[in-house]
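# Notes for the structure review
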Amino acid sequence: MEVTCLLLLALIPFHCRGQGVYAPAQAQIVHAGQACVVKEDNISERVYTIREGDTLVLQCLVTGHPRPQVRWTKTAGSASDKFQETSVFNETLRIERIARTQGGRYYCKAENGVGVPAIKSIRVDVQYLDEPVLTVHQTVSDVRGNFYQEKTVFLRCTVNSNPPARFIWKRGSDTLSHSQDNGVDIYEPLYTQGETKVLKLKNLRPQDYASYTCQVSVRNVCGIPDKAITFRLTNTTAPPALKLSVNETLVVNPGENVTVQCLLTGGDPLPQLQWSHGPGPLPLGALAQSGTLSIPSVQARDSGYYNCTATNNVGNPAKKTVNLLVRSMKNATFQITPDVIKESENIQLGQDLKLSCHVDAVPQEKVTYQWFKNGKPARMSKRLLVTRNDPELPAVTSSLELIDLHFSDYGTYLCVASFPGAPVPDLSVEVNISSETVPPTISVPKGRAVVTVREGSPAELQCEVRGKPRPPVLWSRVDKEAALLPSGLPLEETPDGKLRLEHVSRDMSGTYRCQTARYNGFNVRPREAQVQLNVQFPPEVEPSSQDVRQALGRPVLLRCSLLRGSPQRIASAVWRFKGQLLPPPPAVPVAAEAPDHSELRLDAVTRDSSGSYECSISNDVGSATCLFQVSAKAYSPEFYFDTPNPTRSHKLSKNYSYVLQWTQREPDAVDPLLNYRLSVRQLNQHNAMVKAIPVRRVEKGQLLEYILTDLRVPHSYEVRLTPYTTFGAGDMASRIIHYTEPINSPNLSDNTCHFEDEKICGYTQDLTDNFDWTRQNALTQNPKRSPNTGPPTDISGTPEGYYMFIETSRPRELGDRARLVSPLYNASAKFYCVSFFYHMYGKHIGSLNLLVRSRNKGALDTHAWSLSGNKGNVWQQAHVPINPSGPFQIIFEGVRGSGYLGDIAIDDVMLKKGECPRKQMDPNKVVVMPGSGAPRQPHPQLWGPMVIFLLALQR
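A short tour of the structure in this document, coming up.

Each value, and the rule that gives it
Residues numbered from 1 in each chain as written. Predicted model: local features only at pLDDT ≥ 70, side-chain atom pairs only at ≥ 80, totals over all residues. Heavy atoms only, no water. Phe/Tyr/Trp six-rings, centres within 6.5 Å; stacked < 30°, edge-to-face > 60°. Helix = DSSP H or I, 4+ residues; strand = E, 2+ residues; numbered from the N terminus. Buried < 20%, exposed > 50% of the residue type's maximum accessible area, 1.4 Å probe, protein only. Lys NZ or Arg CZ within 6 Å of the ring centre and 35° of its normal. Core = buried A, V, L, I, M, F, W, Y, C linked by side-chain atoms within 4.5 Å. Contact = heavy atoms within 4.5 Å. Pairing = 2+ DSSP bridges. Axes fitted to C-alpha atoms, helices over the stretch in contact; angles between N-to-C directions. Disulfide = S-S within 2.5 Å. Polar contact = N/O pair within 3.5 Å; in protein donor to acceptor, adjacent residues only side chain to side chain.

Counted by the stated rule, this structure contains 14 aromatic pairs. The interplanar angle of 50° and the centroid separation of 5.7 Å between the aromatic rings of Tyr838 and Trp865 together place this pair among those described as tilted. With a gap of 27 residues between them, Tyr838 in strand β66 (residues 832-840) and Trp865 in strand β68 (residues 860-868) connect regions that are remote in the sequence. Judged on exposure class, the residue Tyr838 and its partner Trp865 are both buried. Each member of the aromatic cluster is reached from another via a ring pair, and the members are Phe836, Tyr838, Trp865 and Phe892. Sitting above the plane of the Tyr635 ring, Arg549 keeps its charged end 4.3 Å from the centroid. Over the ring of Tyr802 we find Arg775; its NZ or CZ atom is 3.6 Å from the centre of that ring.

Here we come to the nonpolar core. Note that soluble globular proteins tend to have their nonpolar side chains buried in a common cluster. In this structure, Tyr763, Phe836 and Phe892 are the most contacted members of the largest nonpolar core, which totals 32 residues. Breaking this core down by element, the ones donating at least two residues are β64 (803-806), β65 (817-821), β66, β67 (847-854), β69 (874-882), β70 (888-895) and β71 (904-913). Top contributing element to this core by residue count: β66, with five residues. Among the nonpolar cores identified, the runner-up in size contains 29 residues, and Met329, Ile336, Leu400 and Val429 belong to it.

Positionally, Arg171 belongs in strand β13 (residues 166-171). Using a relative accessible area of 16% as the deciding quantity, one classes Arg171 as buried. Excluding its chain neighbours within four sequence positions, the residues that come into contact with Arg171 are Leu176, Asp181, Val184, Leu201, Arg205, Gln207, Asp208, Ala210, Ser211 and Tyr212.

Turning next to the sheet that holds strand β10 (residues 133-138). In space, the four strands of this open sheet follow the order β10-β11-β16-β15, with antiparallel pairing throughout. A strand with exactly one partner marks an edge of an open sheet, and here the two such strands are β10 and β15 (184-187). Put simply, the sheet's adjacent strands are angled 20° from each other on average, direction ignored. As paired elements, β10 and strand β11 (residues 153-159) share six bridges and run antiparallel to each other. Its bridge partner being in β11, Gln138 is matched across the sheet by Val153.

Here we come to the sheet that holds strand β22 (residues 272-278). Strand order across the open sheet formed by four strands is β20-β26-β25-β22, with mixed pairing between neighbours. At either margin of the open sheet sits one strand with a lone partner, and together these are β20 (249-252) and β22. The sheet shows a mean angle of 20° between the axes of neighbouring strands, taken without regard to direction.

According to the stated counting rule, one finds eight disulfides in the structure shown. With its sulfur 1.6 Å from that of its partner, Cys60 forms a disulfide with Cys108. Of this pair, Cys60 sits in strand β5 (residues 56-65) while Cys108 sits in strand β8 (residues 104-111), and the two are 48 residues apart along the sequence. The class for Cys108 is buried, based on a relative accessible area of 0%. Across a sulfur-sulfur distance of 2.0 Å, Cys833 and Cys916 are joined as a disulfide pair.

For the rest of this paragraph, the subject is the side chain of Thr397. With respect to the helices and strands, the residue Thr397 is situated in the loop between β31 (384-387) and β32 (398-402). Looking at Thr397, its side chain comes within polar contact range of the main-chain oxygen of Pro394, at 2.6 Å. Among residues more than four places away in sequence, those in contact with Thr397 are Ser356, Cys357, His358, Thr387, Arg388, Asn389 and Asp390.

Let us now look at the pairing of strand β55 (residues 675-682). Pairing between β55 and strand β58 (residues 717-725): eight bridges, direction antiparallel. The residue of β58 that forms the bridge with Arg677 is Thr722. Relative to strand β56 (residues 688-694), β55 runs antiparallel, the two being bridged by seven bridges. The partner of Leu678 across the bridge, within β56, is Lys691. Counted along the chain from β55 to the antiparallel partner β56, the turn is five residues long, and its residue Asn684 has a positive phi close to 70°.

In structure tokens form, the structure reads like this:
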């Protein structure tokens, strides 16, 4: 295959590419946040160190074609600290106020469908230093007597930090060490949480009663300052001691006001008191102040354990607990138990019978029960026994046993539960014993064994209970192991046997069990039945949306498939084109199973048949739609983002060109491409320049190229590219192009720095000077700047153009120097010429010097050019010859004059090989500022001639 390049409109070198440029994704992680350090550790792992509370910024820079998509994930951290995953290009991961739990390994995954995804990772190490905690202890054998007199004392200092902290112990202002004082020992205990250092004072001496400071440090990593805590040890230092004003168990009536005092009986320093409640927080309205806990109008829900804790960091905290019991009763239940010995489930004369009564009460053991028969107190006899604690029943349950049941024992029995002398209402339960008292049966009403409802509707499952008395019905799931009911409970009680479900969903489908409870009825084996719930829901189809492209005249087959639904069948399938009903497609041949799809065939794609097709599939419950967009229009172009050095600046002009490259997505899917429509618009402007780019025989993976010229520095532009075929316009693609200046100056023959980019072409501020050069333009100037000095605009005369200048107002002084240092250049020629524009206007102008720093043998600065004094409100150009002997840098040095009217500026710095022009001042390059009476050079037009290149492949 022979590759040729057809050149149109202009003769500019161009490399044709006949091979595809599709390439798998590659990724690189860079940081742009408040990192302390990024380093490689022992196993070549990238580690990003950041201070807790700072902002984490990671960027995943990608290459590959088509443009890869980026997704961030994280491991080795708390699952609760996830961040939102992303799926956009060159995504920047930003975490504000990063926490220690968010440290770990971060992964950037880039994929574009070509080859395998690229995965890069970096470990984020979050640095922090908490406030230290100092506690004081003594050996257990020394508890008696005065606490610390002639005792061994341990001062324990604990801190949480990353990296591990360094500890320094001080007595007063003197640093302690066991090598200097035999009476102390410093060591690190085993099995402690956090980092801990212990200062041991052996057999206390008088000088040991002093102030001790524990200072912790992470050696100023990430700028984290040291922290310290101080404790004063005296001969009265003692751990806290407490006592309560009430008993440890406090029983009260509902509605009473409860006050509990926690009294300190010892402790130096003065301990801090705190009340807590378990489980949960203190009741609403409770007040804890100065060791006194007050709960107004206490209720049953306020029952629980209340803890008073005293701490002063000496010894162990002192703790006292009050178990608050608020009298209450609820849930009165009864049970009828036939003769257990004879394993009977019915009530029969001549057999034993037991009636049981129980209430849930606080305190449970204080409940009393009383039995009545037919309204009168039941009398104990040889055949009537009342017991309080039946081992076969829950604790504190009262049972009435009838031995050898007689007919005279039939009647109504009443069990009354009460708290004697307390204002708590009694609870009672009534049981009727007669020949009609029979155990329960349960069944599902006719026609209710299977309940079918639509998703989102209410449902009612019903079981009927017969018997006397009728116990409650308990519902549970059958076919799903350990599954919960919609209420979130494993069992749900219904007094009428009906389980009511609101807004049922498809996951509620299944078998439900109903069974009789063993309380409020017979204490026998539960009876049970089952109900099947079927939840119908509309169909789900695929594809929900599909873009179908085909060349004109070619056939297309559209298929809409049923994925799931209840019922799982197609009741009807209706096709529409642009909203209009189409004739039914030919019937699918009869098969053993019902069809799960519907098809529509288009014999040929035409302009008239292009458009939106809808297939609506129904299963009698609802419907779902497949949407097909059929056309012969071309897919969108795929911009190529990996063009090396796409920006080309034009020496002394304020224009630049941009190499725009792209491929065409699936060019063979439709008719051949005829041309592209190119639209270029400067951002924040309305007008766009439009150009037609003819092409022929575009192949998949073929790289197309177009050079955009006469773009204005430093503006950005929106580029839109639309392919055209015989069908018409295809899908448009757009991107933003930005002006960037070279940093490493790869081509000295075309190396003009306009300072339009924030990176200022790789120039840096000298760290050994007095102040810095400033980058600004007419829009960023200080409105209160000094008049009669400095340029109003850059060399181009546009307000957006940037330049570098020195500000000589306060606090600058006479002789202060500012140095701007270029990147390092490798000397490949004998002579070079440095050309630049300077502006030196003001009665206090100092000096502008150009120095050359040779890197051949160390760093040696030599003066190459100098100019001093006021040169007028005009930009002027200088050409300075230099002949470095090895690698070199150029330095612009601005020196402050005698006053504040001495601002100096430079712009459009160019370094090229060869000698300088003989004529040092080019009158065409002198720009006089407005107000001086002289004209200035007009700036170029926005849009100049554009160059188009066309790839043609000839076999």
